[in-house]
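# Survey of secondary and tertiary structure
Listed below, chain by chain, are the residues.
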Amino acid sequence: MKICAVELRSNEAVICLLTKSNGLFDLPECRAQKFIMQDSMDNEQMRNFQQTFKKLLDDYQIDRVVIRTRETRGKFAGSAVGFKLEAAIQLIDGVEVDFITSQEIKQKMKRNPLAIEFRATGLRQFQEAAFMTGYAYLGK
């Protein structure tokens, strides 16, 4: 299974591609590590975000998108732009989208910790949360 794990932060979608086959994880190279939304009130930019994201999923033959959920209210609530980006991803035709909570990720990481340090993955530091999201999801 090949997935695109997503962490949404304010106006950006940080991504990480992961595959798992025969119990082995792989991190395929990807041309983008994040998508930034400059103006979420601009219809053209929202359409462009959605089309660009869909093109990436098609090009890399992604089976599923996994989004790390955010709180809807309180101190750690997600931003309005983040929820708009989430909706734009969910509404892409032919894309299966799943969600995983921070609590689920913590539980799965306790049961199945990383065998290597995050630095050894070759990913950028800002992709760590997206990577952990995908790793926990595939560890089901």
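Right, let's walk through the structure included here. All values reported here derive from a predicted model rather than from experimental measurement. (Residues numbered from 1 in each chain as written. Predicted model: local features only at pLDDT ≥ 70, side-chain atom pairs only at ≥ 80, totals over all residues. Heavy atoms only, no water.)

### A closer look at the pattern of salt bridges
Stated formally: One speaks of a salt bridge when a side-chain nitrogen belonging to Lys or Arg is within 4 Å of a carboxyl oxygen belonging to Asp or Glu. The helix and strand labels rest on DSSP assignments: H or I over at least four residues marks a helix, E over at least two residues marks a strand, and numbering proceeds from the N terminus. Think of it in three bands: with a 1.4 Å probe and only protein chains considered, a residue is buried below 20% of the maximum accessible area for its type, exposed above 50%, and partly exposed in between.
Under the criterion given, the structure shown has eight salt bridges. Asp-58 is the partner of Lys-54 in a salt bridge, and the nearest nitrogen-oxygen pair spans 3.3 Å. Here Lys-54 and its partner Asp-58 are both found in helix α1 (residues 43–59), four residues apart, which amounts to about one turn of the helix. Note on Lys-54: relative accessible area 31%, which makes it partly exposed. Judged by relative accessible area, which is 46%, Asp-58 ranks as partly exposed. Several salt bridges converge on common partners, so that one network encompasses Glu-7, Arg-9, Glu-12 and Lys-34.

### Topic: the packing of α1 against helix α2 (residues 80–90)
The condition that has to hold: Helix axes are fitted only over the stretch in contact, all axes being lines through C-alpha atoms; the angle between N-to-C directions runs from 0 to 180 degrees. An angle counts as roughly parallel when it lies under 35 degrees, as roughly antiparallel when it exceeds 145, as roughly perpendicular when it falls between 65 and 115, and as oblique in every other case. A crossing counts as left-handed when the near helix is turned anticlockwise from the far one by less than a right angle, and as right-handed when that turn is clockwise. Contacts were defined at the residue level, with two residues in contact if any of their heavy atoms lie within 4.5 Å. Residues are grouped as follows: Ala, Val, Leu, Ile, Met, Phe, Trp, Tyr, Cys and Pro are nonpolar; Asp, Glu, Lys and Arg are charged; every other residue, Gly included, is polar.
Contact pair α1 / α2: the axes reach a minimum separation of 9 Å and the direction vectors enclose 50°. Put simply, α1 runs oblique to α2. Judged by the sense of rotation from one axis to the other, the crossing of α1 with α2 is right-handed. On α2, the residues that touch Met-46, Phe-49, Gln-50 and Phe-53 of α1 are Lys-84, Leu-85, Ala-88 and Ile-89. Tallied by class, residues from the contact of α1 with α2 come to six nonpolar, one polar and one charged.

### Section: the pairing of strand β1 (residues 2–9)
Put simply, the rule reads: Pairs of strands are assigned from DSSP output, requiring at least two bridges between the strands.
Across the eight residues of β1, six count as buried, placing the element largely inside the fold. Pairing of β1 with strand β2 (residues 12–21) involves eight bridges; the strand directions are antiparallel. Note that in β2 the partner of Ala-5 across the bridge is Cys-16. Remark: two residues form the turn of the hairpin made by β1 and β2, two consecutive strands paired antiparallel; Ser-10 in that turn has positive phi of roughly 35°. Sheet analysis places β1 next to strand β5 (residues 64–68), joined by four bridges and oriented parallel. Of the residues in β5, the one forming a bridge with Val-6 is Ile-67.

### Topic: unusual backbone geometry
Even without a glycine there, the phi angle at Asn-22 is positive, about 55°. Locating Asn-22 in the fold gives a position in the loop between β2 and β3 (24–26). Looking at Asn-22, the relative accessible area reads 80%, which means it is exposed. A positive phi is found at Gln-61, a non-glycine position, where the angle reads about 50°. Examined against the element boundaries, Gln-61 turns out to sit in the loop between α1 and β5.

### Things to note about α2
Owing to its 3.6 residues per turn, the α-helix brings residues three or four apart onto one side. Cut-off, in case you're wondering: The arc in question is the one traced by the directions running from the helix axis out to the C-beta atoms.
Residues of α2 that are buried: Gly-82, Leu-85, Glu-86, Ala-88 and Ile-89. Buried residues in α2, looked at end-on, bunch into an arc of 160°, giving them a common side. Packed against the buried residues of α2 are β1, β2, α1, β5 and β6 (97–100).

### Things to note about the packing of aromatic side chains
As a reminder of what qualifies: Note on aromatic contacts: the rings of Phe and Tyr and the six-membered ring of Trp form a pair at centre separations within 6.5 Å, being stacked when their planes are under 30 degrees apart, edge-to-face when over 60 apart, and tilted otherwise. Comment: the charge-over-ring label is applied if NZ (Lys) or CZ (Arg) is within 6 Å of the ring centre and within 35 degrees of the ring normal.
Applying the stated criterion to the full structure yields six aromatic pairs. Ring geometry for Phe-35 versus Phe-49: centroids 6.0 Å apart, planes at 90°, classification edge-to-face. You can see Phe-35 sitting in strand β4 (residues 34–36) and its partner Phe-49 sitting in helix α1, a full 14 residues away along the chain. Judged by centre distance (5.7 Å) and plane angle (55°), the ring pair of Phe-118 and Phe-131 falls under tilted. Placement of Phe-118 in the loop between α3 (102–111) and α4 (128–138) and of Phe-131 in helix α4 is noted, with a sequence separation of 13 residues between them. Here the aromatic cluster, defined as three or more aromatic residues joined through ring pairs, consists of Phe-25, Phe-118, Phe-131 and Tyr-135. The ring of Phe-83 has Arg-70 sitting right over it, with the charged end atom 4.2 Å from the ring centre.

Just distances and angles here, no functional claims.
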